[in-house]
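The primary structure of each chain is shown beneath.
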Amino acid sequence: MRKRDEKKRELICIKAIEIIVKEGFDGLSMHKLAKAANVSPATIYIYFKDREDLIIQLCIKEFDRMGEVTLANFDPTMHFNEGLKVQWMNRIKYCLENPLKMHFLEQAKFSPYIGIVLDKANVRFRQVMKQFVQNATEKGEIVSLPIEVYWSLAFSPLYTLVKFHMEKKGLPGTEDFVLTEETMNITLELVLKALKPA
Amino acid sequence: MINTDVLVFKTNVRFQNDLDNIAAYIDSESRILMWNVDMEDKDLVLRVEANAIEPGEVINLVKQAGYYCEELPD
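Below, the structure is looked at part by part.

Within chain A, the regular secondary structure consists of 10 helices and zero strands. Counting from the amino terminus, helix and strand elements in chain A follow one another as α-α-α-α-α-α-α-α-α-α. Taken over the C-alpha atoms alone, chain A extends approximately 65 × 40 × 25 Å along its principal axes. The buried share of chain A, taken over its 198 residues, is 45%. Put simply, 70% of the contacts in chain A that link residues at least 6 apart link residues at least 24 apart. Taken as a whole, chain A presents about 11,000 Å² of accessible surface, with 56% of it coming from carbon and sulfur.

The structure is reproduced here in structure tokens:
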């Protein structure tokens, strides 16, 4: 009987994410992963049914973790302005502390696995966020919008700035870009203004 | 769950009909609780979750179906 070792499992997960970020999902094979984690391919199969099971479990775990970080100190009954600020801070924190995993989740979003993954991952996170928008709309704190339009306005500016910051450069031909708290606050104010009912 | 072993084998079970062929044999063994073949892997890994079964017994089942089967070392 092979013993389960959570540390070993964790190492396999970390190495798998590193390979996927570097070489894409197609670049991940059990043999390559075994070599990187310094275990035998047989050991990987103790923890995962097959390659697809490994990828799906990695995605679910990381989406859930990102969701947890994002919901810290957050309450869906908060005033919209306050709640969105907490969301921005938490999302920046997750991205800056987990650059590799953030990249991995971006890849996952555009992979064929995303359907299966989102059936199981982030269930609470999505419920809470939906509730937040619903509350804010009912209380008249934001205009009523299709959810995609709302999301684009509420979060795309943030992620674009985070990306500039993480790449340590802004648009081509400009100076290095640093996302300061002041820049974040100015942007957030503009976003809140855009979402506010007339 | 505590007594369940995970056994891992290298095979030549490449296609769906190969899978159907070994299924007839593996499903007849009541100690095997769950099994699958990773057909995306070059070793075509057969993974078996079973109670108190020897690797040799699984190998025999697969061989009876007419396929290659060898335990993967740790």
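Residue and element names in this part refer to chain A. Relative orientation of the contacting elements helix α5 (residues 80-97) and helix α9 (residues 147-166) amounts to 35 degrees, with a least axis distance of 11 Å. Both α5 and α9 take part in a crossing whose hand is right-handed. On α9, the residues touching F80, L84, Q87, W88, R91, I92, C95 and L96 of α5 are Y150, W151, A154, F155, L158, Y159, V162, H165 and M166. Among the residues making up the contact of α5 with α9, the classes are represented as 14 nonpolar, two polar and one charged.

The next thing to look at is the interface of chain B and chain A. Opposite the 18 residues of chain B that make contact, chain A presents 14 residues. For the pair chain B and chain A, the summed buried surface comes to about 1,500 Å²; carbon and sulfur atoms form 47% of the total. The largest contributions to the chain B side of the interface with chain A come from E40, R47 and D74 of chain B, which together make up 32% of the buried area. On the surface where chain B and chain A come into contact, there are one salt bridge. The salt bridge involving E40 of chain B is made with R51 of chain A; its shortest N-O contact spans 2.6 Å. For the interface between chain B and chain A, the tally reads 10 residue pairs in polar contact (both at pLDDT 80 or more). Of all elements in the fold, only β1 (4-11), β2 (32-38) and β3 (45-51) of chain B reach the threshold of two or more residues within the side of chain B that touches chain A. If one sorts the elements of the side of chain B that touches chain A by residue count, β1 of chain B sits on top with five residues. Residue composition of the side of chain B that touches chain A, grouped by class: seven nonpolar, two polar and nine charged.

Before going further, it helps to examine the nonpolar core. F63, F80, L84, F104 and Y150 of chain A are the most contacted members of the largest nonpolar core, which totals 69 residues. No other element matches helix α4 (residues 51-70) of chain A, which puts eight residues into this core. Residues F9, V37, I53 and Y67 of chain B belong to the second largest nonpolar core, which totals 19 residues.

It is worth spelling out helix α8 (residues 123-138) of chain A at this point. All names here are of chain A. Helix length check: α8 (16 residues) gives 23 Å between terminal C-alpha atoms against 22 Å at 1.5 Å per residue, within 8%. Residues F125, V128, M129, F132, V133, N135 and A136 constitute the buried set of α8. Looking straight down α8, one finds that the buried residues subtend no more than 160 degrees of arc, so they occupy a single side. Facing away from the buried side of α8 by over 90 degrees, the exposed positions are Q127, K130 and E138. Residues of α8 that are buried sit in contact with α4, α5 and α9. Looking one or two places after α8, you find G140, whose phi comes out positive at around 75 degrees.

Residues and elements named next belong to chain B. Most of β1 is tucked away, with seven of its eight residues classed as buried. Of the pairings in the sheet, the one linking β1 to β3 comprises six bridges and is antiparallel in character. Along β3, the bridge assignment pairs D5 with A50. Direction of pairing for β1 relative to strand β4 (residues 69-71): antiparallel, over a ladder of three bridges. In the sheet register, T11 faces β4, and the bridge partner there is C69.

Conventions we followed
- Residues numbered from 1 in each chain as written.
- Chains lettered and ligands numbered in written order.
- Predicted model: local features only at pLDDT ≥ 70, side-chain atom pairs only at ≥ 80, totals over all residues.
- Heavy atoms only, no water.
- Helix = DSSP H or I, 4+ residues; strand = E, 2+ residues; numbered from the N terminus.
- Buried < 20%, exposed > 50% of the residue type's maximum accessible area, 1.4 Å probe, protein only.
- Contact = heavy atoms within 4.5 Å.
- Areas by Shrake-Rupley, 256 points an atom, 1.4 Å probe, with all protein chains shown as cover.
- Axes fitted to C-alpha atoms, helices over the stretch in contact; angles between N-to-C directions.
- Left-handed = near helix turned anticlockwise from the far one by under 90°.
- Nonpolar A, V, L, I, M, F, W, Y, C, P; charged D, E, K, R; others polar.
- Buried area = accessible area lost by both parts, 1.4 Å probe.
- Salt bridge = Lys/Arg side-chain N within 4 Å of Asp/Glu carboxyl O.
- Polar contact = N/O pair within 3.5 Å; in protein donor to acceptor, adjacent residues only side chain to side chain.
- Core = buried A, V, L, I, M, F, W, Y, C linked by side-chain atoms within 4.5 Å.
- Expected span 1.5 Å × (residues − 1).
- Arc of directions from axis to C-beta.
- Pairing = 2+ DSSP bridges.

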